[in-house]
Amino acid sequence: MKTIINRNLTFLLVLIMLCSLLAACGEEQQLHYEVASYQGQLQEGQTKSDYNKNLFYRNDKKTSGADPFILDNTAVDGYYYQYVTEGSLFCYRSENLMDWESVGNTLDNMEYAADGSQTEFRRVTDTQMWAPEVVYDPDTATYYMYFSATPAEDTKVKVEGEVEKGHPFEMTFVATSQYPDRDFQLVNFKDEKSCGAENVHTYSESKYPHYFAKYLMFDCEPYRTFSDSIGGSRTEGYGGYVGGIDPHPYIDDNGDKYLFWVDSRGADRIVGVKMENWLKPDWSTATVLAYHSYYTVADYQAEQAGQFVDKVTYEPDSHTINEGPQIIKHNGKYYLTFSVGNWADSSYQVAQAVADDIFGPYRKLTEAEGGVLISGSIAGSEDISGTGHHTVLEVGGKLYIVYHRHDDIVEAGSARNAAIDELKWITVKDKDGNDLEVLYANGPTCTVQPKIDAYADYVNIAEEAKVSGSEDATFLNDGLLSIYKYAHPDFISNIQETTISKTTTFTFDFDAARTVRAVMVYNSKLEDSCFKKISRIEFVCEEDGQEVTRFIKDVEFSSENFKANDLDGSIYYVTLGSAAYAEFNELNVKSIRITVEVPEGQQSVGISEVRILGK
């Protein structure tokens, strides 16, 4: 009997060992399928890594020039047009907002007229020109280009209050064309063939005799009457002219036309007017929207009356201007975005204000509400500066901001190029404790980012997944990149990172299998909580009716996106908005497990966001 028991026990132990071995072999078989991947690492001699343009884009210098304005002309000819300040009014075009080709000068090399006025045309436009914006009117099949310019000095005219010699006039002009990229001709408002009989300016030519007066967008006398009525404009010594720069045409969703600009001869205020047509303002509607340094127009007026008011904290006194206005409408509210600071240095940035009506009253948001929309300085970037003068546009149901930045962060100055980043709407508490939607920029970035959704075969599907892990995973797929190091803490509390204190695995589960092509895990904005690699990415796949697990291990954070101490390898700067990523051949994925380690000697790791590019 004892022998039989021993035999049975031996058989049972062998059976258990065989079962365990088979299970182990099955597990090993399931997990041993390593996926070949590209991880965007620097190659020898490179300062920037190669990347797959079918999946990603990067804000490298693709166009040269400042003050980028984007005209969405895709419904007409399939192109976006980017107009910039580049010595002249220069134009590029693109089918996808990421790859641009040069079109050339839009204005200053064009023929104006055969009646000898070409000389006058060149005198107006061959000096300083900047900040072009274009609107298309399908009713007239005409493109209207508004821009700022400094006319050449008119030494032939001698009148009281003559234009000062060498004074840098800042005036607004408009040119028209049947094409978006060429043949723009300056509008002469004393010639009804040029402007239309209903738009002829009526100012006194004896009072305003200078050659450029007839080309000014704004009729001299009604503009001065308006500007004088709101006070603070300098006209003495400038021939009685009132300057205006950075014009912005806007069409409301009911079809009404508006023009906004900066009344720049004095208080540097943003103003707006309803247009009867694109060449004729209705001056009875002209309104001030914002003053430099003041949260509201009422605050400015109160201080003029001797009262104390709080000043805007993010607008430097050294460069007193609000410029480059843009209007965005969202959920019944109007948002005014504009640039503050000095365009020649890192103080230049975009801010935002909000109103219930298109003419206001607007209130600039406080720092705690996210008043600064995009800023290399507040982000603490060592790669990007001068993030200003911009366009906000909607593409495929998503918002983007196109803005300029300095070619060289050290030299700064006038050499600039355009970049594009995503905008998101987030809800914050306003100064009175109420919910308020505001714009938030996932930028500025100079790192590899997913392609713009409307022109991508694979888009971020992480937001559609259910995320779980031993730590709170709420912020891993909220669509917000953690960027700003030096923003107000109350505002930053709305854009949080997922923090781990030990090696942690997060699982992204989809309702049904999805085609996946790349995974990106975004680093912390803080150097003392950044990670150096993704330890492992596992994919639970459906293949031929079976569940198979595949993996990628040790996806490292590219060295181009951080600066490390030569002695101990510790990171002392991380490029904002950067991710460790892997791309691979298509996988049919039900869930993804991402494991991130806390480096030795580090207390925690912050993960800004996870993006999964798929279909």
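Please refer to the structure higher up on the page.
Reference entry: report on the structure contained in this document. (Residues numbered from 1 in each chain as written. Predicted model: local features only at pLDDT ≥ 70, side-chain atom pairs only at ≥ 80, totals over all residues. Heavy atoms only, no water.)

### Focus on the sheet that holds strand β12 (residues 257-263)
- The antiparallel open sheet is built from four strands, whose spatial order is β11-β12-β13-β14. Here the strands that pair on one side only, and so sit at the sheet edges, are β11 (244-251) and β14 (280-291). Averaged over all neighbouring strand pairs, the angle between strand axes comes to 25°, with direction disregarded.
- Pairing between β11 and β12: six bridges, direction antiparallel. Directly across from P249, in β12, lies its bridge partner L259.
- Of the strands in this sheet, β11, β12, β13 (269-277) and β14 are in contact with helix α5 (residues 220-230), which crosses β14 at around 30°. (Pairing = 2+ DSSP bridges. Helix = DSSP H or I, 4+ residues; strand = E, 2+ residues; numbered from the N terminus. Axes fitted to C-alpha atoms, helices over the stretch in contact; angles between N-to-C directions. Contact = heavy atoms within 4.5 Å.)

### Quick look at α5
- Buried residues of α5: C220, Y223, F226 and S227, and no others. The arc enclosing the buried residues of α5, seen along the axis, measures out at 140°, which places them on a common side. In α5, the exposed positions angled more than 90 degrees off the buried face are occupied by T225 and S229.
- Taken together, the buried residues of α5 touch β11, β12, β13 and β14. (Buried < 20%, exposed > 50% of the residue type's maximum accessible area, 1.4 Å probe, protein only. Arc of directions from axis to C-beta.)

### What about unusual backbone geometry?
- Here the residue pair G360 and P361 is connected by a cis peptide bond, since its omega of 10° sits within 30 degrees of zero.
- Omega for the bond connecting G443 with P444 falls within 30 degrees of zero, at 15°, which places this linkage in the cis form.
- Of note in the backbone geometry, A141 takes a positive phi value of approximately 50° without being a glycine.
- Relative to the elements of secondary structure, A141 occurs in the loop between β7 (128-137) and β8 (142-150).
- The partly exposed category is assigned to A141, whose relative accessible area is 33%.
- In this structure, D554 takes a positive phi of about 55° despite not being glycine.
- As for its position among the elements, D554 is in strand β30 (residues 546-556).

### Describing the layout of surface pockets
- Estimates place the volume of the largest pocket at around 890 Å³.
- What lines the largest pocket is a set of 30 residues, among which Y250, I327, V392, L393 and E394 lie closest to the centre.
- Among the elements of the structure, β3 (66-73), β7, β11, β15 (323-330), β20 (388-395), β21 (398-406) and β22 (416-429) are those that each provide at least two residues to the lining of the largest pocket.
- Sorting elements by how many residues they give to the lining of the largest pocket places β15 first, with five residues.
- Of the residues that constitute the lining of the largest pocket, the class distribution is 16 nonpolar, six polar and eight charged. (1 Å grid on protein atoms, 1.4 Å probe; cavity = no way out; pocket = protein on both sides within 12 Å on 5 of 7 lines; lining within 4 Å. Points joined across faces, edges and corners; volume = space filled by probe spheres on them. Nonpolar A, V, L, I, M, F, W, Y, C, P; charged D, E, K, R; others polar.)

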